[in-house]
Amino acid sequence: MPGRRPRTAVRSWARISGTLPRSAHVTTPAADIVAHYSHGQLQQRLEAALRADGVDPGRLSVEALAPYDQFHGRGLEATVEAAGLMPARAPDHLLDIGSGLGGPARWFAQHFGCRITGVDLTPEFCALARRLTTQLGLDAQLRFEVADALALPFADASFDGAYSMNVSMNIADKPALYREIRRVLKPGGWLLLSEIARGDGPEPAYPMPWAATAATSFLATPAQTRTALEAAGFDLRLLRSTRAQALAFGARAREAVARGEQPPHRAVMLVHGELAAAAMKNSARALADASIEPIELLAVRREGA
Ligand SMILES: C[S@@+](CC[C@H](N)C(=O)[O-])C[C@H]1O[C@@H](n2cnc3c(N)ncnc32)[C@H](O)[C@@H]1O
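About the thresholds
Residues numbered from 1 in each chain as written. Predicted model: local features only at pLDDT ≥ 70, side-chain atom pairs only at ≥ 80, totals over all residues. Buried ≥ 20, exposed ≤ 12 C-beta atoms within 10 Å, placed from the backbone. Helix = DSSP H or I, 4+ residues; strand = E, 2+ residues; numbered from the N terminus. Pairing = 2+ DSSP bridges. Right-handed = clockwise from strand over helix to strand, strands pointing away. Near = placed C-beta within 6 Å. Nonpolar A, V, L, I, M, F, W, Y, C, P; charged D, E, K, R; others polar. Axes fitted to C-alpha atoms, helices over the stretch in contact; angles between N-to-C directions. Contact = placed C-beta atoms within 7 Å. Arc of directions from axis to C-beta.

In terms of burial, strand β1 (residues 93-97) is largely enclosed, as four of its five residues are buried. One ladder, built from five bridges, connects β1 with strand β2 (residues 115-120); its direction is parallel. Its bridge partner lying in β2, L94 is registered against I116. Between the parallel pair β1 and β2, the chain is carried across by helix α7 (residues 103-112), and the sense of this crossover is right-handed. In this structure, β1 lies alongside strand β4 (residues 159-165), joined through three bridges in parallel fashion. Within the sheet, the bridge partner assigned to D96 lies in β4 and is Y163.

Below, the discussion takes up the site of the ligand. Around the ligand, 24 residues are found, and the nearest of them are F71, H72, G98, G100 and A149. Of the residues assigned to the shell around the ligand, the class counts are 13 nonpolar, nine polar and two charged.

This part is about the environment of Q135. Mapped onto the elements of the fold, Q135 is located in helix α8 (residues 123-135). Spatially, the C-alpha atoms of Q135 and T117 are 17 Å apart, while their sequence positions differ by 18 residues.

Here the focus is the sheet that holds strand β5 (residues 185-198). Read from one edge of the open sheet, seven strands run β3-β2-β1-β4-β5-β7-β6, paired in mixed fashion. Lying at the two open borders of the sheet, with one neighbouring strand each, are β3 (142-146) and β6 (234-241). Within the sheet, the average angular offset between the axes of one strand and its neighbour, ignoring direction, is 15°. Pairing analysis gives nine bridges linking β5 to strand β7 (residues 292-301), with the strands arranged antiparallel. The residue of β7 that forms the bridge with A197 is E293. Relative to the sheet, helix α10 (residues 222-231) contacts β5, β6 and β7, its axis offset from that of β6 by approximately 165°.

Once that is clear, we can look at helix α6 (residues 75-85). For the α-helix, the turn length of 3.6 residues means that residues three or four positions removed from each other point alike. For α6, the set of buried residues is G75, L76, A78, T79 and A82. Seen from one end, α6 has its buried residues packed into an arc of 155°, which puts them on one side. On its buried face, α6 sits against α5 (62-69), α7, β4, β5, α12 (267-272) and β7.

Spelled out as structure tokens, the structure:
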């Protein structure tokens, strides 16, 4: 795979193209987060990876993309699990906060038959998410916009439900994030989070798949997450750890590699190239040490809050 573009090049490209939200031009964390996720040639890398899998990039399927476009711990396994927790129905309009390459949104849209709007800080991800969605014929159900989760470009009470998978680790002000999500939910709207929390173990090492350094990583404990959600006007319906599932998934992936097969989840390698090996090693170590704790939460908008 070709090397990453230098950070400065990514930033100047984003400034010139005018595709970054205003905050990303002026605040270091947002610019660094975008630089961490941006490559510049992601589409070409994805096509090369698909060809190596024996898949024609011109004849895509949701299944063929799943090892690459589900950019969160346990990949498609976690997406399917999240679907089982979502009270979504076909007429609903959902919000995907930090939609990445659009893999979760395409899977949920097909599964539920609903409409989904995805927002993401990284312009390159949004561009590829749109392209893949068009190729799969899902344009009528999905759209993707470059936007900051802390300043959602939507009117109050726009969405029936919202979800976010492995995004809040990049957002320091979680009370503001949850208040902003609550604002755009309709009365009775729900929020499903599949996130990585801070565990009881030692400080994790970086790089991680979501952050090159600790400067752009903001891990909250499960208890802090619950408190922030309740303070923002949500009632918690479910909060559970998926650490055991993550450890089992990691063991299965290592066994597959030992057999000479590809690991089932290849999104980190696709996006991060040379950084991926160190990020995946640190993430497996942090999981084993309980430095990080994957969690799933379901909350509903409290009325009168
Ligand atoms: C680990 S990826 C997860 C992508 C996607 N949710 C998935 O599971 O495939 C984290 C994503 O969060 C996005 N992100 C981080 N901070 C954000 C913010 N403040 N607003 C919107 N998106 C953000 C990044 O650009 C990146 O696409």
